[in-house]
Number of protein chains: 2
Amino acid sequence: MSLPPPPAPIGFSCPVPLSHRTEITVGHGGGGRLTQELIDRVFRPAFANPALEAQHDGASLCLPNGSRLAFTTDAHVVSPLFFPGGNIGTLAVNGTVNDLAMCGARPLWLSAGFILEEGFPIAELQRIVAAMQTAAAVAEVGIVTGDTKVVERGKGDGVYITTSGVGVIETPLAVAPGSIRPGDAIILSGDLGRHGMAIMATRAGLEFESAIESDCAPLAAPVQALLDAGLEIHCLRDLTRGGLATSLVELAESAKVAIAIDAARVPVSELVQGACEILGLDPLYVANEGRFVCLLPAAQAGRALDILRRTAPGGAPVLIGTVSAGPAGQVTQRSIIGSERIIDRLSGEQLPRIC
Amino acid sequence: MSLPPPPAPIGFSCPVPLSHRTEITVGHGGGGRLTQELIDRVFRPAFANPALEAQHDGASLCLPNGSRLAFTTDAHVVSPLFFPGGNIGTLAVNGTVNDLAMCGARPLWLSAGFILEEGFPIAELQRIVAAMQTAAAVAEVGIVTGDTKVVERGKGDGVYITTSGVGVIETPLAVAPGSIRPGDAIILSGDLGRHGMAIMATRAGLEFESAIESDCAPLAAPVQALLDAGLEIHCLRDLTRGGLATSLVELAESAKVAIAIDAARVPVSELVQGACEILGLDPLYVANEGRFVCLLPAAQAGRALDILRRTAPGGAPVLIGTVSAGPAGQVTQRSIIGSERIIDRLSGEQLPRIC
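Each value, and the rule that gives it
- Residues numbered from 1 in each chain as written.
- Chains lettered and ligands numbered in written order.
- Predicted model: local features only at pLDDT ≥ 70, side-chain atom pairs only at ≥ 80, totals over all residues.
- Heavy atoms only, no water.
- Domains from an automatic or database assignment.
- Contact = heavy atoms within 4.5 Å.
- Buried area = accessible area lost by both parts, 1.4 Å probe.
- Salt bridge = Lys/Arg side-chain N within 4 Å of Asp/Glu carboxyl O.
- Nonpolar A, V, L, I, M, F, W, Y, C, P; charged D, E, K, R; others polar.
- Helix = DSSP H or I, 4+ residues; strand = E, 2+ residues; numbered from the N terminus.
- Buried < 20%, exposed > 50% of the residue type's maximum accessible area, 1.4 Å probe, protein only.
- Core = buried A, V, L, I, M, F, W, Y, C linked by side-chain atoms within 4.5 Å.
- Pairing = 2+ DSSP bridges.
- Axes fitted to C-alpha atoms, helices over the stretch in contact; angles between N-to-C directions.
- Expected span 1.5 Å × (residues − 1).
- Bend = angle between axes of the 7 residues up to and from the residue.

Trainee: Would you explain the domain arrangement of chain A in this entry?
Mentor: Accessible area lost upon the coming together of the parts serves often as the stated size of an interface. All names here are of chain A. Taken domain by domain, chain A holds domain 1 (17-48), domain 2 (57-169) and domain 3 (177-343). Spacing between the C-alpha centres of domain 1 and domain 3 amounts to 25 Å. With 5 residues of domain 1 in contact, the opposing surface of domain 3 contributes 4 residues. When domain 1 packs against domain 3, the two sides together hide about 300 Å² of surface, and 41% of this comes from carbon and sulfur. Counting across the interface, domain 1 meets domain 3 through 0 salt bridges. Of the residues contributing to the side of domain 1 that touches domain 3, the split by class is no nonpolar, 5 polar and no charged.

What follows is the structure, given as structure tokens:
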């Protein structure tokens, strides 16, 4: 398959700002600019506290006796419920396990809250629950508490699952956006776009739909291996809604640094690249559920790559870029032909209900 | 208002057992017998672990360093979203705070996962979020992490909120159904049925709808006061879905004991009693969001009543019954005229989407 240049990311489009909107739109759930505006306008002013201000995948907390915990939550509304490589249950468990891992925590316990739509087949619920248990066993976490509610037909969509997680932070490091420093290397743990394109191909009924499997996988083991090796991990971020591009913009803005990546180094499989071209999507913005970036001092990048080659799902980590002092919040991508362009966060309309 | 004898509770009806059902029904979310069958058939076999087997309002867990934590979750789908005495946000915060308190824990942190329906007014979301922050401040907990997803019109119902909570268990007691002993006194913290009837009256458009306010309130302070007094608390249970009757049946079955209560002692306000009669409901089965039972040695009941009179919402605690050795799992109620009847758990159809 020949590879023409990718289409311009829709992250560049300029939606109506939230301040002019009075109703929730699908884009507010996309994980991009509209989601950020909703958080900044509605949630952060109300719930203001230091844990939220850290703007990380979960909260890092300290018990009265000094133990450090990570605590995180994700609502899962993926459509379709079943997709190549997993289902909403796999996603709900791995998504929360991964958010804990991104805090530098060892995941211990999960909760699961189910919102079931009247008429949903109990056999499908059993398949989903079985997948959750398998994923929990692989990630070595227990699903220790839960809740079930039922809503009438037309008030849900089969099943929504909100998982929360608690993990213990055993490293003395503060693994968070605020620890990112100029000079840090940015390592991507594997190739991009499999989860998002597995969902989109299934939805669109594309002929290659079964060929692209979601990359949905737990990331606790590779993170633990990096920490066990004594590497000075500054920040970790899994590349879910909004993809690599949005994640890097969030990190650059939180840490008030500039990030530059080299497009030629970002691995994308031919199948994913082809599906993205057909659907007019940029793989940089497509969601992943088993890929992350690790930011750490450049001198330690080689050791991190060695470790991730052995432990990360996909097994093909790449050094994709570096952090510099400024301009604060700016992410640039050098293209294959050497030109540079600024990367913006996803505007929010690209891939609704991807997770 | 004259008070005729209450109607027979619908807990006595005999629904089709889950094993003959292939689809989720609204009754599976009612918190009664069908919910229990769903848990027993689908969730417990898959997720089997000691924390789940305790069948309590939340999980009691032990960190590697020996610290004891409580962890709990609740999905909130109440309809209508706004009701006399609160809204879905108040309910989401207090519900999770109370589940932690029922584990004997001091609530510390909450997470909040929002599932928003496209078209939901942002101004209403702001009212809900403001109510959450107020409730969190009153209960002295932080909302430290969250997530937002959006679903298309007709795939949700305004907003669903799943809250999870983490608290620290500082008491050496095991506050759980397994600690209940024959001879324990059962103290009810206040009058029954306000939350459920506030919702039902609003839904039905009854003329007294604004006169009945939900009892939605945090219960952490009265629980802490009981623990601080050094009382030997065996078990605590808040009386949400399924009401007092279903909670007592769950406790009697878990602890393999018999429970007897005296109907004449169970306080129900005239307004709630009247509304129950109009709608054909038994207050014993109506949901509460700020009431709980405390089971402890009978010799300590007087001190517990004194403490709850000063600290419990409603301020009118009552000794309603006692625990005996058997028959295991049986709950009986002595009526005002002295006859006894067996109380069953809610069958599941009474009050959908009450929380």
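Now that the structure is up, let's keep going.
Trainee: Sorry if this is basic, but what is going on with the pattern of salt bridges here?
Mentor: Opposite charge on two side chains makes pairing possible when the charged atoms of those side chains draw close. Going through the model one piece at a time under the given rule, you end up with 34 salt bridges over all chains. Note that B:Arg353 is salt-bridged to A:Glu152, the shortest N-O span being 2.6 Å. Taken as a pair, B:Arg353 in the segment after β14 (340-343) and A:Glu152 in the loop between β6 (142-151) and β7 (159-168) lie in two separate chains rather than in one. Residue classification places B:Arg353 among the buried positions, given a relative accessible area of 6%.

Trainee: Where do I start with the nonpolar core in this structure?
Mentor: One broad trend across soluble globular proteins is that nonpolar side chains are buried collectively. If you look at the biggest cluster of nonpolar residues, it comprises 75 residues, and the most contacted ones within it are B:Phe114 and B:Leu125. Among residues more than four places away in sequence, those in contact with B:Leu125 are A:Ile24, A:Leu38, A:Val42, A:Phe43, B:Phe114, B:Leu116 and B:Phe120. Core analysis: the second largest hydrophobic core is formed by 74 residues, A:Ala92, A:Val141, A:Ile212 and A:Val272 among them.

Trainee: Please explain the pairing of strand β1 (residues 59-62) of chain A as it appears in this structure.
Mentor: Remark: a regular strand shows side chains that alternate across the two faces of the sheet. In β1(A), alternate side chains face the same way, and those of A:Ala59 and A:Leu61 are buried while those of A:Ser60 and A:Cys62 on the opposite face are not. Hairpin connection of β1(A) to strand β2 (residues 68-76) of chain A: 5 residues between the antiparallel strands, including A:Gly66 at a positive phi of 95°.

Trainee: I would appreciate a short explanation of the sheet that holds strand β14 (residues 340-343) of chain A in the present structure.
Mentor: Sheet strands associate in pairs through backbone hydrogen bonding, adopting either a parallel or an antiparallel arrangement. Residues and elements named next belong to chain A. Overall, mixed pairing links the 7 strands, which are arranged β9-β11-β8-β12-β10-β13-β14 in an open sheet. Each having just a single partner strand, β9 (235-238) and β14 make up the two edges of the open sheet. Shown here is a sheet whose adjacent strand axes are inclined to one another by a mean of 25°, direction ignored. Pairing geometry for β9 and strand β11 (residues 292-297), over 4 bridges, is antiparallel. Looking at the pairing, Leu236 lines up with Cys294 of β11. The sheet strands contacting helix α3 (residues 88-102) are β9 and β11, and the helix crosses β9 at an angle near 165°.

Trainee: Quick question: what am I supposed to make of helix α1 (residues 33-47) of chain A here?
Mentor: Every α-helix winds through 3.6 residues per turn, so residues three or four apart in the chain are directed the same way. For α1(A), spanning 15 residues, the distance from its first C-alpha to its last is 20 Å, which sits close to the expected 21 Å at 1.5 Å a residue. In the structure, α1(A) departs most strongly from a straight axis at A:Asp40, where the bend amounts to approximately 40°. Residues of α1(A) that are buried: A:Arg33, A:Leu34, A:Thr35, A:Gln36, A:Leu38, A:Val42, A:Phe43, A:Arg44, A:Ala46 and A:Phe47. Turning to α1(A), the residues buried within the fold contact α2 (50-53) and α7 (243-255) of chain A together with β5 (106-117), α4 (122-139) and β6 (142-151) of chain B.

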